[in-house]
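One letter stands for each residue in the lines below.
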Amino acid sequence: MAAVVFLLVLTALCSSTELAHAQDEDAPITRHYKFNIRMKNVTRLCVTKPIITVNGQYPGPRIVAREGDRVIVKVVNHVPNNITIHWHGIRQRRSGWADGPAYITQCPIQRGQSYTYNFTVTGQRGTLFYHAHISWIRATVHGPIVILPKRGVPYPFPKPHKEVPILFGEWWNKDAEAVISRALRTGGGPNVSDSYTINGLPGLLYNCSSKDTFKLRVSPGKTYLLRLINAALNDELFFSIANHTLTVVEADAVYVKPFQTDVLLITPGQTTNVLLQAKPYSPNTTFLMAARPYVTGLGTFDNSTTVGILQYKTKQGQSNSTSLFNDLPLIMPTLPALNDTNFAANFSSNFRSLANSQFPANVPRVVDRRFFFTVGLGSSPCPKNQTCQGPNGTKFSASVNNVSFALPATALLQAHFSSQSAGVYTADFPSTPLIPFNYTGTPPNNTKVINGTKVVVLRFNTSVELVMQDTSVLGAEAHPLHLHGFNFFVVGQGFGNYDPIKDPANFNLADPVERNTVSVPSGGWVAVRFLADNPGVWFMHCHFEVHLSWGLKMAWVVLDGPLPNQRLPPPPLDLPKC
Ligand code: C2O
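Just so you know, these numbers come straight off a predicted model, no measurement behind them.

This next bit is on the overall build of the protein chain. Secondary structure summary: the protein chain contains seven helices and 33 strands in total. Its C-alpha atoms give the protein chain a radius of gyration of 24 Å, near enough to 25 Å, the size a compact globule of 578 residues would have. With the C-alpha coordinates of the protein chain rotated into their principal frame, the extents come out at 80 × 70 × 55 Å. Expressed as a percentage of the 578 residues in the protein chain, the buried residues total 59%. Put simply, of all contacts in the protein chain between residues at least 6 apart along the chain, 79% involve residues at least 24 apart. Here the protein chain has roughly 23,700 Å² of accessible surface; of this, 53% comes from carbon and sulfur atoms. For the protein chain, the distance from the average position of its 48 positive side-chain charges to the average position of its 34 negative side-chain charges is 4 Å.

Position of Lys553 among the secondary structure elements: in strand 33 (residues 553-558). Among buried Asp, Glu, Lys and Arg side chains, Lys553 stands out as unpaired, with Glu545 the closest opposite charge at 7.9 Å. Each residue touching Lys553, except ones within four places of it in the same chain, is listed here: Val400, Phe405, Leu407, Phe539, Met540, His541 and Leu548.

On to the domain arrangement of the protein chain, then. When the domains of the protein chain are assigned, the result is domain 1 (14-148), domain 2 (162-348) and domain 3 (369-566). For domain 2 and domain 3, the distance between their C-alpha centroids amounts to 29 Å. Counting residues at the interface gives 31 residues for domain 2 and 32 residues for domain 3. Here domain 2 is connected to domain 3 by two salt bridges. Between Arg515 and Asp252 there is a salt bridge whose closest N-O contact spans 3.1 Å. At the junction of domain 2 and domain 3, the tally comes to 17 residue pairs in polar contact (both at pLDDT 80 or more). Elements that contribute at least two residues to the side of domain 2 that touches domain 3 include exactly helix 3 (176-186), strand 15 (254-261), strand 17 (271-277) and helix 5 (341-349). At five residues, the largest contribution of residues to the side of domain 2 that touches domain 3 is made by helix 3.

The next point concerns helix 3. Along helix 3, the residues classified as buried are Ala176, Glu177, Val179, Ile180, Ala183 and Thr186. Looking at the buried side of helix 3, the elements it contacts are helix 7 (545-550). Residue Gly187 follows helix 3 closely and has a positive phi angle near 85 degrees.

Time to look at the state of the cysteines. Applying the stated rule across the entire model yields three disulfides. Between Cys107 and Cys578 runs a disulfide, and the two sulfur atoms are separated by 2.0 Å. Its S-S torsion of approximately -100 degrees makes the covalent link between Cys107 and Cys578 left-handed. One end of the pair, Cys107, is in the loop between strand 5 (85-88) and strand 6 (114-120); the other, Cys578, is in the segment after strand 33, and 471 residues separate them in sequence. The class of Cys578 is partly exposed, set by a relative accessible area of 49%. The partner cysteine of Cys382 in its disulfide is Cys388, sulfur to sulfur 2.1 Å.

Another point: the sheet that holds strand 1 (residues 30-44). With mixed pairing, four strands are arranged side by side in an open sheet as 2-1-4-6. The open sheet has two edge strands with one neighbour each: strand 2 (47-54) and strand 6. The average angle at which neighbouring strand axes cross in this sheet is 20 degrees, direction not considered. Sheet topology note: the strand 1/strand 4 (residues 70-77) ladder contains eight bridges and is parallel.

This next bit is on helix 5. When we look at burial in helix 5, the residues that qualify are Ala344, Ala345 and Phe347. For helix 5, the arc enclosing every buried residue in end-on projection is 165 degrees, short of the 170-degree limit, so these residues lie on one face. Seen from the open side of helix 5, the exposed residues pointing more than 90 degrees away from its buried face are Asn342 and Asn346. As for helix 5, its buried residues are in contact with strand 15, strand 16 (263-266), strand 18 (286-294) and strand 28 (488-495).

Moving on, we get to the sheet that holds strand 30 (residues 517-520). The strand order across the open sheet built from five strands is 25-33-32-27-30, with neighbouring strands paired in mixed fashion. The sheet is open, and its two borders are formed by strand 25 (455-458) and strand 30, each paired with just one other strand. Each neighbouring strand pair of the sheet contributes to a mean axis angle of 20 degrees, computed without reference to strand direction. Of the pairings in the sheet, the one linking strand 27 (residues 479-483) to strand 30 comprises four bridges and is antiparallel in character. Considered in strand 30, the bridge of His482 is made with Thr517.

Here the focus is the nonpolar core. In this structure, Leu226, Phe373, Met468 and Trp556 are the most contacted members of the largest nonpolar core, which totals 92 residues. In terms of residue count, strand 18 provides more of this core than any other element does, five residues in total. Judged by nonpolar contacts, the second largest core, of 47 residues, contains Ile85, Trp97, Tyr130 and Tyr425.

Take the packing of aromatic side chains next. Scanning the entire structure with this criterion turns up 34 aromatic pairs. An angle of 10 degrees between the planes, with centres 5.8 Å apart, marks the rings of Phe343 and Phe347 as stacked. Of the two residues, Phe343 and Phe347 are both situated in helix 5; the distance of four residues between them amounts to about one turn of the helix. Among the residues examined, Phe347 registers a relative accessible area of 5% and is labelled buried. Considering the side-chain rings of Phe396 and Trp550, the 4.5 Å spacing of their centres and the 15 degrees angle between planes classify their relative orientation as stacked. Of this pair, Phe396 sits in strand 22 (residues 395-400) while Trp550 sits in helix 7; the two residues are 154 residues apart in sequence, bridging distant segments of the chain.

We now examine the pattern of salt bridges. For the structure on display, the rule yields 13 salt bridges. Here Arg529 makes a salt bridge to Glu465, at a shortest N to O gap of 2.8 Å. Note that Arg529 is positioned in strand 31 (residues 524-532) and Glu465 in strand 26 (residues 462-470), a separation of 64 residues in sequence. One exposure class covers both Arg529 and Glu465, and it is buried. The network of salt bridges with common partners includes Lys257, Arg352 and Asp511.

Conventions used here
Residues numbered from 1 in each chain as written. Predicted model: local features only at pLDDT ≥ 70, side-chain atom pairs only at ≥ 80, totals over all residues. Heavy atoms only, no water. Helix = DSSP H or I, 4+ residues; strand = E, 2+ residues; numbered from the N terminus. Rg over C-alpha atoms; globule rule 2.2 N^0.38 Å. Buried < 20%, exposed > 50% of the residue type's maximum accessible area, 1.4 Å probe, protein only. Contact = heavy atoms within 4.5 Å. Areas by Shrake-Rupley, 256 points an atom, 1.4 Å probe, with all protein chains shown as cover. Lys, Arg positive; Asp, Glu negative; His and termini not counted. Charge placed at Lys NZ, Arg CZ, Asp CG, Glu CD. Salt bridge = Lys/Arg side-chain N within 4 Å of Asp/Glu carboxyl O. Domains from an automatic or database assignment. Polar contact = N/O pair within 3.5 Å; in protein donor to acceptor, adjacent residues only side chain to side chain. Disulfide = S-S within 2.5 Å. Pairing = 2+ DSSP bridges. Axes fitted to C-alpha atoms, helices over the stretch in contact; angles between N-to-C directions. Arc of directions from axis to C-beta. Core = buried A, V, L, I, M, F, W, Y, C linked by side-chain atoms within 4.5 Å. Phe/Tyr/Trp six-rings, centres within 6.5 Å; stacked < 30°, edge-to-face > 60°.

Structure, rendered in structure tokens:
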């Protein structure tokens, strides 16, 4: 007894010493955030409009955590619209209730209500982002997630002098919610955005926007880590900084083998960390950074360019003043042609996992279940007594294996957890197309799309191989496919129709890139593998918001495993009701 008391006293004493303090700092901590969702008037391109924001900020505030930390975000909805927030790329191991897609893992947070997202960041470090996951509200509700390595663990690349999130977005002069609701009513394509943005700023190539230009101030000779995030709704983007080569070091919060490039391509939903090495002197020039779209589809698109300024500090540590930069020559980077699909294919093949002992690539070697999904656009009939503005007077629709996913009226995860799937979803999502056809050739016109809430059910720890095949039914088009709850390994990609006999021989099972979003090549296919070791309901969809709205989405239900730590815990008490 005396010994126990003595130990307790000792522990109490120790906790005030320097040593114990240092140990506490190393341990994972809980980080609390509060997101007040509220309207705020914002002016861009000389248009002032109320937008939905996090805490009045556009883009939203930064979430910073260390690997291993717990993150708790209380979201309070003060706007009329229903809201959910998704922590894009966070694995959510056994915390599916915090994932966020509306009607998949939760009912939305209604006006005046709140929900507290609670998750732990495990085995990930790098850049991710959060965004609203209902309708098109993510147009203005998004922000960076910065995951630092555990304390004392260095980056596997030179330590940068500074780290700068660079978030790409799209700005509509009209209300983005009105844009998509009109498109869904008429069946036609939505109005394209009025500008792209860098950290919320369109930049000086747009009318009435020169003061809304992002500036990156750098010191000569220093190295900067740029955390690039594509939060745009509907466009893959090329990005480049004039006269500077960038070194890619991480993708979707996983380190990659470093490689150098003058131009990056980043799809909506992807994040990429790059090192920018500033020149050793302060040049008498202002360099521009620029982003503009990579476009493969047939529809209209925002054909504009957002730019920011790379500004060198002078010896005295002063920036060339803003008035001065007008006098300095402006150098614009060169970007690939808008439809440069060869660039896209070459660029994506540069990404490789580190695949070393510290950061192994745990690629599933043995496959339990194989899936072949077509992804692409189609059309659905125009309702009677209505005229529609989609292809040949129909309505645009989009599908996976010709199933256009219909959101249920209650959340799939709740239905699954309480074993009440009847009337909510069916477990008959097709694992291959019901009617095979020449996917990338002259399309047949019998590609009927059905509407339904269909899922694939996977047993715990199933290793999955999934080939996603673009279709040319309404023109070949690249589709950035995003999987919730997992990273996948991108083991192969190619153009034309996937050949299940020949193509697997070329799969990279040694060091494929591990990510959460991959672009299915325009007129081609991509093969991914993942281990379904996370129980819950996991959304998978095209991260082009317009295709998501048209139904290019499905869900995986991963069952509980036999052990207690392989089961999804019950829902939090404040989980919103529909
Ligand atoms: Cu970034 Cu389901 O989304």
